[in-house]
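# Structure at a glance
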Amino acid sequence: MTTTDAAEFLDALTRRLGPDRVLTGAAPMAAYESDALTAFRARPRAVVLVDSAKEVVDVVRLCAAANVPFLARGSGTSLSGGSLPVHDGVVIAMNRLNRILEVDPVRRTAVVEPGVVNLAVSDAAAPYGLYYSPDPSSQSVCTIGGNLAFNSGGAHCLKYGMTSNHVLGLEVVLPDGEVIELGGDSLEGVGPDLVGLFVGSEGLFGIATKITLRLLPKPETYFTLLAAYDSLAAAGEAVAAVVASGLLPGAMEIMDNLAIEAAEAAVGAGYPLDAEGLLIVELEGEKQQVAAESELLLEVVRRSKPYLEHIASDPDDRMRIWKGRKSAFSAVGRLSPDYIVQDGVVPRSRLGEALTKIQHLGEEHGIRVANVFHAGDGNLHPLILFDGRVEGELERAEELAGEILRLCIDLGGSITGEHGVGMEKRQYLGEMFGDADLDAMRRIRLAIDPGELANRGKMFPDAEAPALLSHGPHPLEVAGVISRE
Amino acid sequence: MTGVVHRPASAAEVAEAVRGAQLVVPRGGGTKPSLWSVDGADLLDLSALDGITEYLPSEYTVTALAGTPLADVEARLAAEGQYLPFDPLLVEAGSTVGGAVAAGANGPGRLRYGGLRDFLLAVTFVDGRGEIVRGGAKVVKNAAGFDLPKLMVGSLGRLGVLTECTFKVFPHPESCATLRIPGMALDEAIEAAGRVGAGAVEIECLDLVHGLAGWDQEIRIGGRSFALDARLKRAADLLDTDVTTLSGDADASLWRTRREFGWASPDASVLKLPLTPATAGALEQVLADLDASQVARVFSAGIQQAFVAWPAERVADLTVLDRALTQSKLTALALRAPADAASQPILGYRTGGELLRRVEQALDPAGRFGRL
Ligand SMILES: Cc1cc2nc3c(=O)[nH]c(=O)nc-3n(C[C@H](O)[C@H](O)[C@H](O)COP(=O)(O)OP(=O)(O)OC[C@H]3O[C@@H](n4cnc5c(N)ncnc54)[C@H](O)[C@@H]3O)c2cc1C
Ligand SMILES: Cc1cc2nc3c(=O)[nH]c(=O)nc-3n(C[C@H](O)[C@H](O)[C@H](O)COP(=O)(O)OP(=O)(O)OC[C@H]3O[C@@H](n4cnc5c(N)ncnc54)[C@H](O)[C@@H]3O)c2cc1C
C-alpha cells in the first residue's frame, strides 16, 4: 500500500466512524497490542471501536477493498495469541456491541451481540431460572464472540459441552463483507452443520455479529466433594473410577500440591496443604437424582482411599471450594514473575502417565510446573513458571511448553482443549494433523477468504511468526480488570 | 439409473473410486433412499467398511468404520452400560455410522444431552479430490483446527465420503419410565411441556404425538432406579392431570418404535423439520393450508424437531409443500422418500448458502458428489 492509499484508507474509516472511534498512534493503541499471551506484541494500523453490526460490515468492506487484514477483538483474554493484532492490520473492537437482544424463556434461547460478556448472559437469564452453561474462568470479562472463536470451555463442560454445543444460530460477516445467516433457533438443523464449522474457526472465517445461544434450566442442587490424596496418581485413579461407575458429574477437577499451596495462600479455600493431589467432584441436577447419585459417588471415591474428604455443607462452602480452584492460575502467578498457561488434552486413562512425564520434563529444564486441570475430560493446564528477566528463561519455558504439547500428541490427545491454536501453537498443528488434513483446512480457508484478510497469520503453521518480544502481565491485568484464573 | 457400483474395503479404495468417477454417491445401508439416489451417479456401497476399530469405555469414546451398522455399535456399548445419547434413527432398519452422520438426524433422546453434532469427535473422509482427510481428535475435548467433524454432520454425502467416525458416548441411565397424557390440545400440550421442561425434573425424551383425539404427550425420565419413582411422581405433579406410567418393556418398545418410524406408514415419506415451541404453530398452519392436518406426525425432543409422515398418495405435492415451507421459514429433510419424489432432499427455507458454496468449492471443486 502506498502512503497515499494508506492515508485514504484511514480517511475512509474516519469518515465512516468519526475521529473518536478510529484510534491510531502508539499510546491510544497500546492496550490492543497484545492479548493475555503477553509474550507476543504487534502494532496494528488502526483500532476501530464499532457500535453496530452495520459498522462491522462497512469496516470489513473497506478493509476488503483496500486489501487490509483485520481481526475482531473481544476482551483480549486469549491465551494463545488469537487476538494479537495483525501487523499493520485493523483491530475491530467489539466491546460496544454488547446488547442482549432477547431472552426467550419458552424457547430457552438468548440472542446476543458478540461483545456481550459471558457472565452477563447468565445474569440476564437468571430471572427465568435459566443460565448459559459454558463457564470459562475468565467469564466475568471474556466475550461471547471470543468464546465462539475458540470454542471455549470451563470447569462445568463435562456434561453439557463447550461453547459449540450451545450456539444455535449466527449472523456472520464473511471476510469480503457479505452478510449471511447460519443455523436458526432450534437445536436441530438440516444440511451441513455450518454453525459448527464457524464456531472454533478462530476468527478466520469472518466476524459474528449476532449469536443465538441455548440456555439451560439452572440445576436445582449441587453435591460438591473435595478429596485429598497423597499422590497425584491416586487422584487420577479416582477420576477413572468415577467414570467407570457410570456417574456423570458436572465437573471433575484436580490440583497438584504447588497449585493447592498457592490457592490456599491467595484465598484460603480450606484446602489441605499437605495434599499431593486434590480432587473436586461435583454432581448437579434435581434433588432426588443427586441424592441417589451422591451415595454412589461417596462409595466410589472412598474406595480410592483419599486421606481426607470434605462435602460442601452449604452454598457458601461450595463457593469457597470453587473460588480456590478458579483463582489457582493467578495464585500460582504469585509464585513467579512470569508464567505460561498451557492447554493440552490426553485420553483421561493416561492422565497419570502424562503428569509424571510433565514433572520429569520440568525437572530436566530446571523449570517449575504447577498443574490445575479439567480431569474429567483429560484437559491439562500445566502452568510453566519462569522469570522473563533471566536471560534465556522465556525460551526454555517455551521449549518446555512445546514438549508438553508433543507429549499430548504422542498420547493420542490434542494440542488444545479450549484455548485455541492462535499464534502460539501454529507450529504444532502440523504435528497433530497430516499434510492432507491441513491442506483441506487451508483450502476451506482460502475458498472463504482468498486474500487471507481475516485474522491473517493465525492457526496455520506456515504463516510468519513475530519474534518473542516481551513478557509481563497483560495490560488489563495491570489495570486490575482481569486476572489469570 | 445408477452407474457403476463400487464396494470399497478401505479408505484408499474409496479414494480411488472417487478419483475415477464423475458423479458418485455413498450409500450406507440404504435406509434413506431419498438421500443417496442420484440419477446417473456411481454408487459407493460402504458395507465392506465394517467394524468397530476402537472402543475405550473408560474414555467414553468409540471409533467405527463408516459402514458399520449402528445396531452393532449400540450392542457393544450396551454391554458396558453405555449408549449413543443422540439416539440414532432407523437402527434396526440397518442404518450405518456414516449414514447417520451424513443424514445428521437424531431421535427423541437427543433432548437430554445433545444431538449427533455434539457427540461426533473425529472423522476420516475422502473429499471430492480423492484425498483422505482427518478432522477432530479421538478425545472428548479438542479445539485444534477447524471443526471438520461438525461440517460432515448433515452433509448428505455431498462434501465427502466418511470412512471412519469417533463418537463420545455416555453411561446409560440405570432405568427409564415414561409418563403419558393422551388427547391434549396442542397449546395445552406445549404449555405443559414447558412446565415439565423447566428444570425441576431432568427429562430424557419429550414427544407430542398427533392422533385422532388430539396430541399424546410422552415424557421419558431416566436415572438411578432408586430415585425414579419419586421423580416420576414429581413430574406427574407438575403436569397436574391424569397420567399413565409405562415402564420396562412398554417403555422401551414405545421409544424403539418411535425412532424406527414404526408409527409411519411404510410407504410414507418421512420428513424431519427443525422446530421450536414457537414455530410449531407455523408448521401446523402449513399442513392445514395443504389440507394435510391428518398426516401422522410427532413433535419430538422437546419440540425441537418434527417428524412428518407424508402420505404416498400425495407424494406429488412435496413440491407444493416445499414452497409453503419456504414461505413460513421452515426447513425439512426428506429422510425417507421415494428416490424421485423431490429434486432435492432438503425442502423449504435454507440458510448459509454462500458459505456452503465456498466450502463445496474447497472440498469438491469438480462437483463429483453433486451439490446440495
Ligand atoms: C484469567 C484467564 C482465564 C481463562 N480461563 C479460560 C477457561 O477457563 N476456559 C477457556 O476456554 N478459556 C479461558 N481463557 C482464555 C480466554 O478467556 C478465552 O479464549 C475467551 O474466549 C476469549 O474471549 P475474549 O473476548 O477475550 O476474546 P479475544 O481474546 O478478544 O479474541 C479471541 C479470538 O476471538 C476472535 N473473535 C472475537 N470476537 C469475534 C467475533 N465476534 N467473531 C469472530 N471472531 C471473534 C478474535 O479475533 C480472536 O481470534 C482464560 C483467559 C484468562 C486471561
Ligand atoms: C423403507 C425402507 C427401505 C429400504 N430399502 C432398502 C433397499 O432398497 N436396499 C437396502 O439395501 N436396504 C434397504 N433398507 C434397509 C436399510 O435401509 C439399510 O440396511 C440401511 O441402509 C442403512 O442406511 P443408512 O441409514 O446407513 O444411510 P443411507 O440411507 O445409506 O444414506 C443416508 C445418507 O448418507 C449418505 N452416506 C451414507 N454413508 C455415507 C458415508 N460413509 N459417507 C458419507 N455419506 C454417506 C448417503 O449418500 C445419503 O445421503 C430399507 C429400509 C427401509 C426402512
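Rules and cut-offs
Residues numbered from 1 in each chain as written. Chains lettered and ligands numbered in written order. Predicted model: local features only at pLDDT ≥ 70, side-chain atom pairs only at ≥ 80, totals over all residues. Helix = DSSP H or I, 4+ residues; strand = E, 2+ residues; numbered from the N terminus. Rg over C-alpha atoms; globule rule 2.2 N^0.38 Å. Buried ≥ 20, exposed ≤ 12 C-beta atoms within 10 Å, placed from the backbone. Contact = placed C-beta atoms within 7 Å. Near = placed C-beta within 6 Å. Nonpolar A, V, L, I, M, F, W, Y, C, P; charged D, E, K, R; others polar. Core = buried A, V, L, I, M, F, W, Y, C linked by C-beta atoms within 7 Å. Domains from an automatic or database assignment. Axes fitted to C-alpha atoms, helices over the stretch in contact; angles between N-to-C directions. Parallel < 35°, antiparallel > 145°, perpendicular 65-115°, else oblique. Left-handed = near helix turned anticlockwise from the far one by under 90°. Pairing = 2+ DSSP bridges. Expected span 1.5 Å × (residues − 1). Arc of directions from axis to C-beta. pLDDT = per-residue confidence, 0-100.

From N to C terminus, chain A includes 16 helices and 19 strands. Taking 23 Å as the expected radius of gyration for a compact globule of 485 residues, we find that chain A reaches 22 Å, a close match to that expectation. Counting only C-alpha atoms, chain A reaches 70 × 60 × 45 Å along its principal axes. Every one of the 485 residues in chain A was classed for burial, and the buried ones make up 59%. A separation threshold of at least 6 residues defines the contact pool for chain A, and within that pool the share at least 24 residues apart is 72%.

This brings us to the overall build of chain B. Assigned secondary structure in chain B consists of 13 helices and 19 strands. Taking 372 residues into account, the globule formula puts the C-alpha radius of gyration at 21 Å, and chain B, at 21 Å, falls close to it. Expressed as lengths along the three principal axes of its C-alpha atoms, the size of chain B is roughly 65 × 50 × 35 Å. Here chain B holds 372 residues, and 60% of them are scored as buried. Look at the contacts in chain B between residues 6 or more apart in sequence, and 69% of them connect residues 24 or more apart.

Quick look at the site of ligand 1 now. All names here are of chain A. The full set close to ligand 1 counts 40 residues, and Gly74, Gly145, Gly146, Ala149 and Gly203 are the nearest of them. Secondary-structure elements contributing two or more residues to the shell around ligand 1 are β3 (70-73), α5 (144-150) and β10 (207-214). Sorting elements by how many residues they give to the shell around ligand 1 places α5 first, with 5 residues. Classifying every residue of the shell around ligand 1 by side-chain character gives 14 nonpolar, 20 polar and 6 charged.

Moving on to the nonpolar core. Counting 276 residues, the largest nonpolar core has Ile92 and Ile384 of chain A as its most contacted members. Once residues within four sequence positions are removed from consideration, Ile384 of chain A is found in contact with Tyr339, Ile340, Gln342, Ile367, Val369, Ala397, Leu400 and Ala401 of chain A.

With that settled, the discussion passes to the interface of chain B and chain A. Frequently, the measure chosen for interface size is the accessible area that the parts lose on association. Counting from both sides, the interface comprises 68 residues of chain B and, opposite them, 74 residues of chain A. Where the side of chain B that touches chain A is concerned, the elements lending two or more residues are α6 (116-119), β8 (132-136), α7 (148-152), β10 (170-171), α9 (225-239), β18 (331-336) and α13 (353-363) of chain B. Sorting elements by how many residues they give to the side of chain B that touches chain A places α13 of chain B first, with 8 residues.

Time to look at the domain arrangement of chain A. Residues and elements named next belong to chain A. Under the domain assignment used here, chain A contains domain 1 (100-217), domain 2 (221-330) and domain 3 (331-418). Here domain 1 and domain 3 have C-alpha centroids that lie 29 Å from each other. Between domain 1 and domain 3, the contact holds 7 residues from the first and 5 residues from the second. Residues belonging to the side of domain 1 that touches domain 3 are distributed by class as follows: 4 nonpolar, 3 polar and no charged.

It is worth spelling out the packing of helix α12 (residues 351-365) of chain A against helix α13 (residues 393-410) of chain A at this point. To describe two helices that pack against each other, one gives the angle between their axes and the distance between the axes. Residues and elements named next belong to chain A. Between α12 and α13, the shortest axis-to-axis distance is 10 Å and the interhelical angle comes to 155 degrees. The angle between the axes of α12 and α13 places the two elements in the roughly antiparallel class. In this structure, α12 meets α13 at a crossing whose hand is right-handed. Residues Ala354, Lys357, Ile358, Leu361, Gly362 and His365 of α12 pack against Arg396, Glu399, Leu400, Glu403, Ile404 and Leu407 of α13.

Residue and element names in this part refer to chain A. The strand order β1-β2-β4-β3 describes an open sheet built from 4 strands, whose pairing is mixed. Looking at the sheet topology across the chains shown, the edges are occupied by β1 (22-23) and β3. As paired elements, β1 and strand β2 (residues 46-49) share 2 bridges and run antiparallel to each other. Note that in β2 the partner of Leu23 across the bridge is Val47. Contacts from helix α3 (residues 53-66) reach β2, β3 and β4 (90-93), with the element oriented near 175 degrees to β4.

The next subject is the site of ligand 2. Residues and elements named next belong to chain B. Close to ligand 2 lie 26 residues, the nearest being Gly28, Gly29, Gly94, Gly98 and Gly99. Elements that contribute at least two residues to the shell around ligand 2 include exactly β2 (24-27), α2 (33-36), α4 (97-103) and β9 (161-168). When residues in the shell around ligand 2 are grouped by element, the largest group, 4 residues, is from α4. Residues that form the shell around ligand 2 fall into these classes: 13 nonpolar, 10 polar and 3 charged.

To continue, consider α9 of chain B. Between its terminal C-alpha atoms α9 of chain B stretches 22 Å, which fits the 21 Å expected from 15 residues at 1.5 Å a residue. Following α9 of chain B by one or two positions, Asp240 of chain B adopts a phi angle in the positive range, close to 55 degrees.

Moving on: unusual backbone geometry. Residue and element names in this part refer to chain A. The phi dihedral of Glu202 is positive, around 55 degrees, even though this residue is not glycine. Of note, Glu202 is situated in the loop between α6 (194-198) and β10. Here Glu202 falls in the buried class, since 24 other C-beta atoms lie within 10 Å of it.

Residues and elements named next belong to chain B. Strand order in the open sheet formed by 3 strands is β1-β3-β2, with parallel pairing between adjacent strands. Both edges of this open sheet fall to β1 (5-6) and β2, since each of them pairs with a single strand only. Where β2 and strand β3 (residues 42-45) come together, 4 bridges link them in parallel fashion. Looking at β3, one finds that Arg27 is bridged to Asp45.

This brings us to the domain arrangement of chain B. Residues and elements named next belong to chain B. On domain assignment, one finds that chain B holds domain 1 (5-44), domain 2 (49-171), domain 3 (175-259) and domain 4 (269-353). Between the C-alpha centres of domain 2 and domain 3 there is a distance of 28 Å. Taken residue by residue, the interface counts 8 residues in domain 2 and 8 residues in domain 3. Across the side of domain 2 that touches domain 3, the residue classes tally to 4 nonpolar, 2 polar and 2 charged.

For the rest of this paragraph, the subject is helix α11 (residues 280-289) of chain B. Residues and elements named next belong to chain B. For α11, the set of buried residues is Ala280, Leu283, Val286 and Leu287. What you see down the axis of α11 is that its buried residues fit within an arc of 120 degrees, all on one side. Residues of α11 that are buried in the fold lie against α8 (186-196), β15 (269-274), β16 (297-300), β17 (305-310) and α12 (318-327). Count one or two residues on from α11 and you reach Asp291, which has phi positive near 60 degrees.

Residue and element names in this part refer to chain A. By the criterion of burial, strand β12 (residues 221-229) is predominantly enclosed, with 7 of the 9 residues buried. Summarising the sheet, β12 and strand β14 (residues 277-285) pair through 9 bridges and their orientation is antiparallel. Paired with Ala228 across the bridge in β14 is Leu278.

Residues and elements named next belong to chain B. As for its placement among the helices and strands, Leu46 is situated in the loop between β3 and β4 (52-56). For Leu46, a count of 28 C-beta atoms within 10 Å puts it in the buried group. The spacing of Leu46 and Lys329 is 283 residues in sequence and 35 Å in space, taken between C-alpha atoms. In this structure Leu46 touches Pro26, Arg27, Gly28, Ala66, Gly67, Thr96 and Gly98, once residues within four positions along its chain are discounted.

Further remarks concern the confidence of the model for chain A. In the predicted model, chain A carries a mean pLDDT of 91, and the fraction of residues at 70 or more is 95%. For the stretch residues 465-485 of chain A, pLDDT sits under 50, and the model shows 45 contacts to residues farther than four places along the chain or on other chains.

The next thing to look at is the pairing of strand β18 (residues 368-374) of chain A. A large share of β18 of chain A lies buried, amounting to 6 of its 7 residues. The antiparallel pairing of β18 of chain A with strand β19 (residues 379-386) of chain A creates a hairpin that spans 4 residues between the two strands, and Gly378 of chain A there sits at a positive phi of about 70 degrees.

Of the residues in chain B, 96% reach a pLDDT of 70 or more, and the chain-wide mean stands at 93. Per the prediction output, this complex has pTM 0.93; the corresponding ipTM is 0.96.

Take the packing of helix α9 (residues 287-303) of chain A against α9 of chain B next. Their axes nearest at 9 Å, the elements α9 of chain A and α9 of chain B cross at an angle of 170 degrees. The angle between the axes of α9 of chain A and α9 of chain B places the two elements in the roughly antiparallel class. Touching Gln288, Gln289, Ala291 and Ala292 of chain A of α9 of chain A are Phe226, Ala227, Ala230 and Arg231 of chain B, all from α9 of chain B. Broken down by class, the residue content of the contact of α9 of chain A with α9 of chain B amounts to 5 nonpolar, 2 polar and 1 charged.

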